[in-house]
There are 4 protein chains.
Amino acid sequence: MGDRLVEFQEEVRAFAEVRDWQRFHTPKNLAMALAGEVGELLAEFQWLTPEESGRVMGDPDAGGRVAAEIGDVVVYLVRLADVLGVDLVDVARAKLADSAKRYPVGWQPASIRGEVV
Amino acid sequence: MGDRLVEFQEEVRAFAEVRDWQRFHTPKNLAMALAGEVGELLAEFQWLTPEESGRVMGDPDAGGRVAAEIGDVVVYLVRLADVLGVDLVDVARAKLADSAKRYPVGWQPASIRGEVV
Amino acid sequence: MGDRLVEFQEEVRAFAEVRDWQRFHTPKNLAMALAGEVGELLAEFQWLTPEESGRVMGDPDAGGRVAAEIGDVVVYLVRLADVLGVDLVDVARAKLADSAKRYPVGWQPASIRGEVV
Amino acid sequence: MGDRLVEFQEEVRAFAEVRDWQRFHTPKNLAMALAGEVGELLAEFQWLTPEESGRVMGDPDAGGRVAAEIGDVVVYLVRLADVLGVDLVDVARAKLADSAKRYPVGWQPASIRGEVV
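A brief structural summary. Here the residue numbers are simple positions, counted from 1 along each chain's written sequence. Starting at A for chains and at 1 for ligands, labels are handed out in the order in which the entities are written. In keeping with the predicted nature of the model, local features appear solely for residues at pLDDT of at least 70, side-chain atom pairs appear and are counted solely at 80 or more, and the whole-chain, interface and lining totals rest on all residues. Each side-chain value is worked out from all heavy atoms of the structure, with water and hydrogens disregarded.

## What to know about the overall build of chain A
Here is step 1: Put simply, DSSP marks the helices as runs of H or I at least four residues long and the strands as runs of E at least two long, and each gets a number from the N terminus on. Counting secondary structure elements, chain A contains five helices and zero strands.
Here is step 2: Ordered by position from the N terminus, the helices and strands of chain A form the series α-α-α-α-α.
Here is step 3: The C-alpha extent of chain A, read off along each of the three principal axes, is 50 × 40 × 30 Å.
Here is step 4: The buried share among the 117 residues of chain A stands at 58%.
Here is step 5: The contact criterion used is simple: two residues touch if any of their non-hydrogen atoms lie within 4.5 Å. The long-range share in chain A, meaning contacts at least 24 apart out of those at least 6 apart in sequence, stands at 61%.
Here is step 6: Computed with the Shrake-Rupley method and a 1.4 Å probe, the accessible areas treat only the protein chains shown as cover for residues. As presented, chain A carries roughly 4600 Å² of accessible surface, and 53% of it is formed by carbon and sulfur atoms.
Here is step 7: Here the positive residues are Lys and Arg and the negative ones are Asp and Glu; neither His nor the chain ends is included. The location of each charge is read from NZ of Lys, CZ of Arg, CG of Asp or CD of Glu. Of the side chains in chain A, 13 bear a positive and 20 a negative charge, and the two mean positions are spaced by 6 Å. Burial here depends on accessible area, computed with a 1.4 Å probe over protein chains only, as a share of the maximum for the residue type. Under 20% is buried, over 50% is exposed, and the range in between is partly exposed.

In structure tokens, the structure reads:
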């Protein structure tokens, strides 16, 4: 209640069930679908400089495509989590806590920079 | 408030800022990091049959690895959304609404099955 | 001479140079483009059963799409190797030799099956 | 004869057959394995600037890892092509020919740059 992600997860589940698509939604297939959508998201950034990528949402066309691709990624990620019985925020928080230990504040190796997890 | 995903997004932002990692967190780089983590998630499923993939969370080792990889995916996805100023649930809901129009209940082509978006 | 892959690599290089696209073809960008194309290839298989995937080339439409996506993957992989100065067969042969040591004939763990590298 | 890629393809096939791994090597599974390895390749480049990525082979550690990841990608790509009965150079050459038509020399749109296919 108040958790928009859980509410949305239920919407995606209902969407799949009313179409009888559960049989296609194995974790294996959903992981592939997720990866396919992430590939489309990558394609939006592949020829941009880092600086251009930082301004992408200011371009109506490219920004709209990026938002749409991220939307696709979220739909499959939420569906995968639902099928697996995984809470997305819980598993992410656990990994962020791990990273906080592995990369204490002040640590800055030359070869791994910007790692969040 | 009450939105766990937004709360978590703020935690990830603080994690990055206190380490001064914003300079690495361009949308381009974060999209790559997201894709790299999705690749690790795929690897957990690649040799499993569809049926085995459906039972993966019942195996403590494999299930733990899957949860951890999903956690990594969420961390980078949340960070990417934050940097872009995109609301993950909003963009996903927009795509699900599109799909509901494109794939009305009852529609079932042979060649595209299980598409959510 | 007689090496079709090297000949093709030279064709891709000429294609890029005559269009003055070298400036876009950093290893980072080409790795992203490769990943984007692999994502499209995945999408061809995501809803297929393992058995259906084994018959995909017998379907003119799906088979043609799969061949085209693999073609895209090869183009970017060849271009990436060219820019990096890596010989694709040499690096692959080195990894296969590693795998032959790691997975001696007869070895068959329950949890890792079908690994080539 | 003289075609190193075809010779290597036969080596990978023998590697899989002597281990009786054909049953794991469906096109669906091999496409996932390929994508997983491409994800690892991406990870090598994700925090590098475009310029740093251009110098990666000059760093013994990072360069070695990049070569190894590309090797993994080639192994699975070659195995996938073998299982599908696709000639990698033929399908790539067909796509390059398409691209030559779509992107005539001199054409330079603002929004798509560096596309090879």
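Once the structure has been displayed, the description carries forward.
## Things to note about unusual backbone geometry
Here is step 1: Although it is not a glycine, Asp20 of chain A adopts a positive phi angle of roughly 60°.
Here is step 2: Looking at the secondary structure, you find Asp20 of chain A in the loop between helix H1 (4–18) and helix H2 (27–45).

## As for the interface of chain B and chain A
Here is step 1: On the side of chain A, 71 residues touch chain B, which itself brings 71 residues to the contact.
Here is step 2: Between chain B and chain A, a total of about 6300 Å² is buried, with carbon and sulfur atoms accounting for 70% of that surface.
Here is step 3: Any carboxyl oxygen of Asp or Glu that lies within 4 Å of a side-chain nitrogen of Lys or Arg is treated as forming a salt bridge with it. Between the two partners, chain B and chain A, sit 10 salt bridges.
Here is step 4: Asp90 of chain B is the salt-bridge partner of Arg4 of chain A, the closest N and O atoms lying 3.0 Å from each other.
Here is step 5: Whenever a nitrogen or oxygen atom comes within 3.5 Å of another N or O atom, the pair is scored as a polar contact, on the condition that within protein one atom can donate a hydrogen and the other can accept it, and that pairs from neighbouring residues in sequence are kept only if both atoms are in side chains. Scanning the region where chain B abuts chain A turns up 20 residue pairs in polar contact (both at pLDDT 80 or more).
Here is step 6: Elements with a minimum of two residues in the side of chain B that touches chain A: helix H1 (4–18), helix H2 (27–45), helix H3 (50–54), helix H4 (60–84) and helix H5 (88–102) of chain B.
Here is step 7: With 13 residues, H4 of chain B is the largest single contributor of residues to the side of chain B that touches chain A. For any pair of parts, buried area is found by adding up, for both, the accessible area (1.4 Å probe) each one loses once the two are put together.

## As for helix H5 (residues 88–102) of chain C
Here is step 1: To estimate the expected span of a helix, count its residues, drop one, and scale the result by 1.5 Å. Given a rise of 1.5 Å per residue, 15 residues ought to cover 21 Å, and the 21 Å separating the end C-alpha atoms of H5 of chain C matches this to within 8%.
Here is step 2: Along H5 of chain C, the positions that sit buried rather than exposed are Leu88, Val89, Val91, Ala92, Lys95, Leu96 and Ser99 of chain C. Seen along its axis, H5 of chain C keeps its buried residues to an arc of 165°; they face one direction.
Here is step 3: Considering only its buried residues, H5 of chain C is in contact with helix H1 (4–18) and helix H4 (60–84) of chain C together with helix H1 (4–18) and helix H4 (60–84) of chain D.
Here is step 4: The residue sitting at the N-terminus of H5 of chain C and contributing the capping side-chain oxygen is Asp87 of chain C; that oxygen lies 3.1 Å from the backbone nitrogen of Val89 of chain C. Here, the arc refers to the directions that run from the helix axis to the C-beta atoms.

## A look at the nonpolar core
Here is step 1: Only buried residues count toward a nonpolar core, which is a set of Ala, Val, Leu, Ile, Met, Phe, Trp, Tyr and Cys residues joined through side-chain atoms within 4.5 Å. Formed by 156 residues in total, the largest nonpolar core has its most connected members in Ile70 of chain A, Ile70 of chain B, Ile70 of chain C together with Ile70 of chain D.
Here is step 2: Excluding its chain neighbours within four sequence positions, the residues that come into contact with Ile70 of chain C are Leu41 of chain C together with Leu77, Leu80, Leu84, Val86, Leu88 and Val91 of chain D.

## Topic: the relation of the copies chain B and chain A
Here is step 1: Residues reaching a pLDDT of at least 70 in both copies supply the C-alpha atoms on which the copies are superposed by least squares. For these two chains of identical sequence, chain B goes onto chain A by a turn of 180° and a shift of 0.0 Å along the axis, with RMSD 0.0 Å. A rotation of that kind, with that shift, is consistent with a two-fold axis.
Here is step 2: When the interface residues of chain B are mapped onto chain A, 100% of them again fall at the interface, so both copies present the same face.

## Overview of the packing of aromatic side chains
Here is step 1: The rule is short: rings of Phe, Tyr and Trp, with Trp giving its six-membered ring, pair when the centres are within 6.5 Å, and they are stacked under 30 degrees, edge-to-face over 60, tilted in between. All chains considered together, the criterion is met by 20 aromatic pairs over all chains.
Here is step 2: Taking 5.9 Å as the distance between ring centres and 65° as the angle between the ring planes, the aromatic pair formed by Phe15 of chain B and Trp21 of chain B counts as edge-to-face.
Here is step 3: For Phe15 of chain B, a relative accessible area of 6% translates into the label buried.
Here is step 4: A ring pair is formed by Trp107 of chain C and Trp21 of chain D, whose centres lie 6.4 Å apart and whose planes are at 70°; its orientation type is edge-to-face.

## Points about empty space enclosed by the protein
To find leftover empty space, a probe the size of one water molecule is rolled over the atoms.
Here is step 1: Using a 1 Å grid laid over the protein atoms alone, points where a 1.4 Å probe fits but cannot get out form a cavity; open sets with protein on both sides within 12 Å along at least 5 of 7 lines form a pocket; any residue with an atom within 4 Å of a point counts as lining. Grid points are joined across faces, edges and corners, and a volume is the space filled by probe spheres set on the points. Summed over the entire model, instances satisfying the criterion amount to three cavities of 30 Å³ or more.
Here is step 2: The volume enclosed by the largest cavity comes to roughly 120 Å³.
Here is step 3: Contributing to the lining of the largest cavity are 16 residues, with Ala35 of chain A, Ala35 and Leu42 of chain B, Ala35 of chain C together with Ala35 of chain D lying nearest its centre.
Here is step 4: Elements with a minimum of two residues in the lining of the largest cavity: H2 of chain A, H2 of chain B, helix H2 (27–45) of chain C together with helix H2 (27–45) of chain D.
Here is step 5: Classifying every residue of the lining of the largest cavity by side-chain character gives 12 nonpolar, four polar and no charged. Under the grouping applied here, Gly and all other residues not named as nonpolar or charged are polar, the nonpolar ones being Ala, Val, Leu, Ile, Met, Phe, Trp, Tyr, Cys and Pro and the charged ones Asp, Glu, Lys and Arg.

## Observations regarding the environment of Met32 of chain B
Here is step 1: For Met32 of chain B, the position within the fold is in helix H2.
Here is step 2: Residue classification places Met32 of chain B among the buried positions, given a relative accessible area of 0%.
Here is step 3: Separated by 21 residues in the primary sequence, Met32 of chain B and Ser53 of chain B place their C-alpha atoms 25 Å from one another.
Here is step 4: With residues near it in sequence (within four places) discarded, Met32 of chain B still touches Leu42 of chain A, Lys28 and Met32 of chain C together with Leu42, Phe45 and Gln46 of chain D.

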